[in-house]
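So the chains spell out like this:
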Amino acid sequence: MESVVSRLIRRCQAQIAGTLLLAAGAVSVSAYLTTDTSNSSPSEAVATGDFLLQGPNAAALSSVAEDRGWEITHKLPIINAIAVRGPAEEITSIVAESASVLRVTPNFAVSSSKKPRDDDEGDSNATTSPVDNDDVVTEPFLTFVDKEFSIKLRNTGSKKLEIEAIDLVWPGSNGELEELKLDGKKAKDLGKLQSDEGDLYSISIPGSKLGKKKDRELDKDKVVELEAEFERSPETDMAVYGLTLHFKGGTSTTFVPGSGKVFQEEERDTFFPSTVGADELHRLGVLGRREVSVAIIDSGSIENDLLDYDPGEERRTVAFYNAMTNEEESDTDKKHAIKIVEDKFGHGSHVASTVALSDPSIDYVTEELTGSYNGIAPGAGLVVIKALDDRGKGTYADVIRGIDYVVSNKDRFGIRVLNLSLSGAVRSHYWEDPLNQAVMQAWAEGIVVVVSAGNRGPDPMTIGVPGNVPYVITVGAMTDGFSPSDPSDDRLAEFSSTGPTVEGFVKPEIIAPGGHIQGIMEKNARIAKDYPRFHDTEDWFMMSGTSQAAAVVSGAVALMLDVDPQLTPDDVKCRLMSTARPAMDANGNPALSVFQQGAGLMDAYAATFSTASGCANVGLDVQADLAGETHFGGRANRDENGRYYLMGIEDQSYLWGRSYLWGRSELAPESYLWADSYLWADSYLWADSYLWADSYLWADSYLWADSYLWIDSYLWADSYLWANSYLWADSYLWANSAIGANVWVENQ
């Protein structure tokens, strides 16, 4: 007997003839329509819109558009598509009228994808320090290295200030305060500590112990550093510290975690290269090279020698392309080239500097050169592609045109890596999304595609587009907790999106540093103006996100291909995953789910010299997928208790432990360390897959079929509601979507 769901599917198909019914609660396509009244009365106004047309032949698509007088805005041969602008009703009905058009898709909005916040418009009006003396501003964090912490402060007022005393509180587990320095000068005879039942120590140091009057004066706009060294390695939870500076005249400034402003010198250590072992490669002379280029599709880039030139001062930005205007410049006309991809938003510049900044790093303690650099691949070639505007917004057509440019010019510019620090909501199977199709084509053409997981964590099933493509390397974010020398407080960043995907694939594949990443950004960029406390007023900006984590991995891939240019994308993915270091608890068990950390923290050094092969994308066939012949599903499912597991594997303990339940408390257990790399189980092959079944029940909440229905009012990420009447068919009209740079989450 035919089931109720089958009858409903059949009836809906007959009623809508292969087009989409927009459900109550779904975003209306009308959001992309405008009204053209130039040649008509108000009663005759025509709704116009921007759409993608796909079919077997791009030339035939162009003929259809030209015959009807529609404006062709983009030609997208990578997915056999064109973008058009014209009467919405006429365009959306073309599938039924012309055999040349197989699919019509609104030209999705590309905008800044971020975790929702109440203060999303920025903190330009926020107070930087809720204390008595507003003229003295501290950094928003303490930096922990070895047995000490340090913090910088600045007198932003118009008058010189004199420090009269410093009050300091710290956890008793640190032991005694052994040394205090103000701007490099040691305080003398620190005095007696006060203890609060052994849990906290405190001390008040009078100005007379801090040196002569000139040593404790803060001139106008002067930056000074306070350093405190303890008996033992310090606790790194900034909330358990207290620091107040008292000034002559009765005012004071108190350190408040998260408040203040970044003040750092030009010479610095960004730390994240050493977290993933890239510093060791740098010291071996593995820096990347111009012939192995990383293409970055983002908001553009700025003119900066640390981005434009490699450590040997050779020009390494080989091409600039504006996918929004379809303009290209090589490296011959620098000013013009930079102008066409000018980055007034800031995100693209920051991502590019994370990938390839050529600035030598300075040891934070010794102030000596480390032999490493502040970017992962300082010698790699760069291809800058602008697809997002000055507000971080664009369209699907622009991003796809950017990918098309990468594929078409990969041999010309030596493009081996494509960085997509973009993420948007999933609204179909991975293989039906036009952007995903372009990404899959790039992978099939031999380009390693690295994608950010998204900043919508910590809940499961929050991986976005195009991170849900099973072939690519999807990257989540970890943070060192502002203590780069102490891995015991490393943790998964709370914002990092987690898997599995709708089709059951484990995502992300790996994680990389994505917390408080220092990179280059102009102070007048929109992001820097929205969050001024994280800009040092010169060149440097600090931000967190899976965008930065993806950039770290893209740089590491460039180093791998520098050493072995013959690696295929599948080889690169296999070696990155097989050498990653999972987070382990004190008992030697994984501290995080495989759906949170994938294989674990990337190890660039180990991956570069690995010989692993055949362990990634097993059972997948990207060519058959693109041709529509076969599609794939992964092993993931959810049990009756809401726990995610991998089907076909008896022992699930290595995934999360039998008692593991998803929740925020699991993101940062009391302590864990990164273990030696291993595959999660001897018999487990990453992305081991099966052919997509005609019907597949996912946790009893919705039914998959060739033409399938989302049932039970399933609530998808970002409050997107798939209702009972929402049907996907072979030819359909897509609803409004947003995909873009993973822009802002609080620094972690």
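Thresholds, definitions, all that
- Residues numbered from 1 in each chain as written.
- Predicted model: local features only at pLDDT ≥ 70, side-chain atom pairs only at ≥ 80, totals over all residues.
- Heavy atoms only, no water.
- Patch = residues over 30% accessible without salt bridge, like charges linked within 9 Å, V, L, I, M, F, W, Y side chains within 5 Å.
- Areas by Shrake-Rupley, 256 points an atom, 1.4 Å probe, with all protein chains shown as cover.
- Salt bridge = Lys/Arg side-chain N within 4 Å of Asp/Glu carboxyl O.
- Lys, Arg positive; Asp, Glu negative; His and termini not counted.
- Charge placed at Lys NZ, Arg CZ, Asp CG, Glu CD.
- Helix = DSSP H or I, 4+ residues; strand = E, 2+ residues; numbered from the N terminus.
- Buried < 20%, exposed > 50% of the residue type's maximum accessible area, 1.4 Å probe, protein only.
- Axes fitted to C-alpha atoms, helices over the stretch in contact; angles between N-to-C directions.
- Parallel < 35°, antiparallel > 145°, perpendicular 65-115°, else oblique.
- Contact = heavy atoms within 4.5 Å.
- Phe/Tyr/Trp six-rings, centres within 6.5 Å; stacked < 30°, edge-to-face > 60°.
- Lys NZ or Arg CZ within 6 Å of the ring centre and 35° of its normal.

### As for a positive patch on the surface
- On the surface, a cluster of positive charge is made up of K185, K188, K212 and K214.
- Relative to the helices and strands, K185 is located in strand β12 (residues 185-186).
- Residue classification places K185 among the partly exposed positions, given a relative accessible area of 43%.

### Comments concerning the pattern of salt bridges
- In the structure shown here, the tally under the stated rule is 20 salt bridges.
- A salt bridge links D279 to R283, with the nearest nitrogen and oxygen atoms 2.7 Å apart. You can see D279 and its partner R283 sitting in helix α6 (residues 278-283), four residues apart, about one turn around the helix.
- A salt bridge links D562 to R289; its shortest N-O distance comes to 2.8 Å.

### Thoughts on the packing of helix α10 (residues 396-408) against helix α12 (residues 434-444)
- Interaxial distance between α10 and α12 falls to 10 Å at its minimum, and their mutual angle equals 10°. The orientation of α10 with respect to α12, classified from their angle, is roughly parallel. Where α10 abuts α12, its residues Y396, V399, I400, I403 and V407 lie against P434, L435, A438, V439 and A442.

### Some details on a nonpolar patch on the surface
- Together, L284, V563, Y605 and F609 make up a nonpolar patch on the protein surface, roughly 350 Å² of accessible area in all.
- With respect to the helices, strands and loops of the structure, V563 is situated in helix α14 (residues 546-563).
- Under the relative-accessibility criterion, V563 is labelled partly exposed at 37%.

### Considerations on the packing of aromatic side chains
- Counted by the stated rule, this structure contains eleven aromatic pairs.
- For the pair F144 and F149, a centre-to-centre distance of 6.3 Å together with 70° between the ring planes defines the contact as edge-to-face.
- Judged by relative accessible area, F149 falls into the buried class, the value being 2%.
- Centre to centre, the rings of Y430 and W431 are 4.9 Å apart; their planes meet at 85°, and the pair counts as edge-to-face. Here Y430 matches W431 in class, with each residue buried.
- Counting every residue linked through ring pairs, the aromatic cluster contains F144, F149, W170, Y201, F230 and Y241.
- Here the basic side chain of R315 rests over the ring of Y309, its NZ or CZ set 5.6 Å away from the ring centre.

Purely spatial values, then, with no claim about function.
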